[in-house]
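# Breakdown of the fold
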Amino acid sequence: CRRGGRNWATDYPEADYKFMWGVERMTNISLYPNENAVDISDPKLFDLPYLYIVEPGRGGGMNLNPEQVRKLREYLDRGGFLHIDDFWGLYEFSNFQREMRKLFPDRPLEELSLTHEVFHTFFDVDKVMQIPGIGSACRGGPTWQDPSDTRPRMFGIHDKDGRLMVVVTYNSDLGDAWEHMDNPCYPELYSGQAYRMGINFIIYAMSH
């Protein structure tokens, strides 16, 4: 989603269109082939089945105003799907939780079990793998970015009927794996897993 500041543009536009290429190649789903940044206040938000927000936890990251909260909540309640990615450690997680409480004061943020349907819509994902950024992946350093919390986890928010509306890849960076999938130094282990998870999210979003 486009908004003030530049955190929204991390990995943009390469991660966006390379992810779209991967979805088309592996599923035969016809998608809009280019990046498509959209402001939350834009009416065309409601034409899109899947939104991707990156780096919501950093200072200057996600900070929803009341009108954005209203629009994004309406979008999700009407069947939209939101994937939130690439934030690390307890400080950023606390910032993220604050924004989710604005959006969904009535719905809990729950850690997702690997038995959840979203992990089995197209590929069977059997582990929560930490997907590192390009620096760590290519230098062979730690796959985590903040020592306050190093474990990768997947969270979600469901609607009243049990449909997953929001999926959260915490302590992971799927966007870097998509962006650098063709970089010889970026391990296929990570890019392959990032594509499998992202494709599952897309399939779930369009079928629920």
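Residues numbered from 1 in each chain as written. Predicted model: local features only at pLDDT ≥ 70, side-chain atom pairs only at ≥ 80, totals over all residues. Heavy atoms only, no water.

## Re unusual backbone geometry
One non-glycine residue, Asn 28, lies in positive phi territory at about 70 degrees. With respect to the element layout, Asn 28 can be found in the loop between α1 (14-27) and β1 (50-54). Taking relative accessible area as the criterion, Asn 28 reaches 71% and is therefore assigned exposed. The phi angle at Glu 55 is positive, at roughly 55 degrees, despite the residue not being glycine. Take Glu 55: it is sitting in the loop between β1 and α2 (66-77). (Helix = DSSP H or I, 4+ residues; strand = E, 2+ residues; numbered from the N terminus. Buried < 20%, exposed > 50% of the residue type's maximum accessible area, 1.4 Å probe, protein only.)

## Quick word on the sheet that holds strand β2 (residues 81-85)
The strand order across the open sheet built from five strands is β1-β2-β5-β4-β3, with neighbouring strands paired in mixed fashion. The open sheet has two edge strands with one neighbour each: β1 and β3 (110-111). Inspection of the sheet shows strand β4 (residues 153-158) paired to strand β5 (residues 164-170) by six bridges, in the antiparallel sense. In the strand pairing of β5, Gly 156 is matched with Val 167. Sheet strands touched by helix α6 (residues 188-207): β1, β2, β4 and β5. Its angle to β2, the strand with the most contacts, is close to 160 degrees. (Pairing = 2+ DSSP bridges. Contact = heavy atoms within 4.5 Å. Axes fitted to C-alpha atoms, helices over the stretch in contact; angles between N-to-C directions.)

## Concerning the packing of aromatic side chains
When we look at a pair of aromatic rings, we describe it by the centre distance and by the angle of the planes. Overall, the coordinates contain 16 aromatic pairs when judged by the stated rule. Ring centres of Phe 87 and Tyr 170 lie 5.2 Å apart, and the angle between their planes is 45 degrees; this geometry places the pair in the tilted category. Taken together, the residues Phe 87 in the loop between β2 and α3 (89-103) and Tyr 170 in strand β5 connect sequence positions 83 residues apart. Here the two residues Phe 87 and Tyr 170 agree in accessibility, since each one is buried. An aromatic cluster of at least three residues, connected via ring pairs, comprises Phe 87, Phe 93, Phe 96, Phe 155 and Tyr 170. (Phe/Tyr/Trp six-rings, centres within 6.5 Å; stacked < 30°, edge-to-face > 60°.)

## Here we look at the confidence of the model for the chain
Residues at a pLDDT of 70 or more form 93% of the chain, whose mean pLDDT is 90. Across residues 1-5 the pLDDT falls below 50, and counting only partners more than four positions away or on other chains, this stretch makes 18 contacts in the model. (pLDDT = per-residue confidence, 0-100.)

## Brief notes about the pairing of β1
Strand residues, when the strand is regular, have side chains that alternate between the two faces of the sheet. By the criterion of burial, β1 is predominantly enclosed, with five of the five residues buried. In β1, alternate side chains face the same way, and those of Tyr 50, Tyr 52 and Val 54 on one face and Leu 51 and Ile 53 on the other are all buried. Across five bridges, the pairing between β1 and β2 is parallel. Residue pairing in the sheet places Ile 53 in a bridge with Ile 84 of β2.

## Focus on the side chain of Gln 68
Checked against the element boundaries, Gln 68 lands in helix α2. Relative accessible area serves as the criterion here: at 10%, Gln 68 is assigned to the buried category. Apart from residues lying up to four places away in sequence, Gln 68 is in contact with Ile 40 and Asn 63.

## A closer look at the environment of Arg 151
The residue Arg 151 is located in the loop between α4 (134-139) and β4 in this model. Residue Arg 151 is classed as partly exposed on the basis of its relative accessible area of 45%. Sequence separation between Arg 151 and Val 128 is 23 residues, and the spatial gap between their C-alpha atoms is 9.4 Å. The contact partners of Arg 151, leaving out residues within four places of it in the chain, are Glu 111, Gln 130, Tyr 170 and Asn 171.

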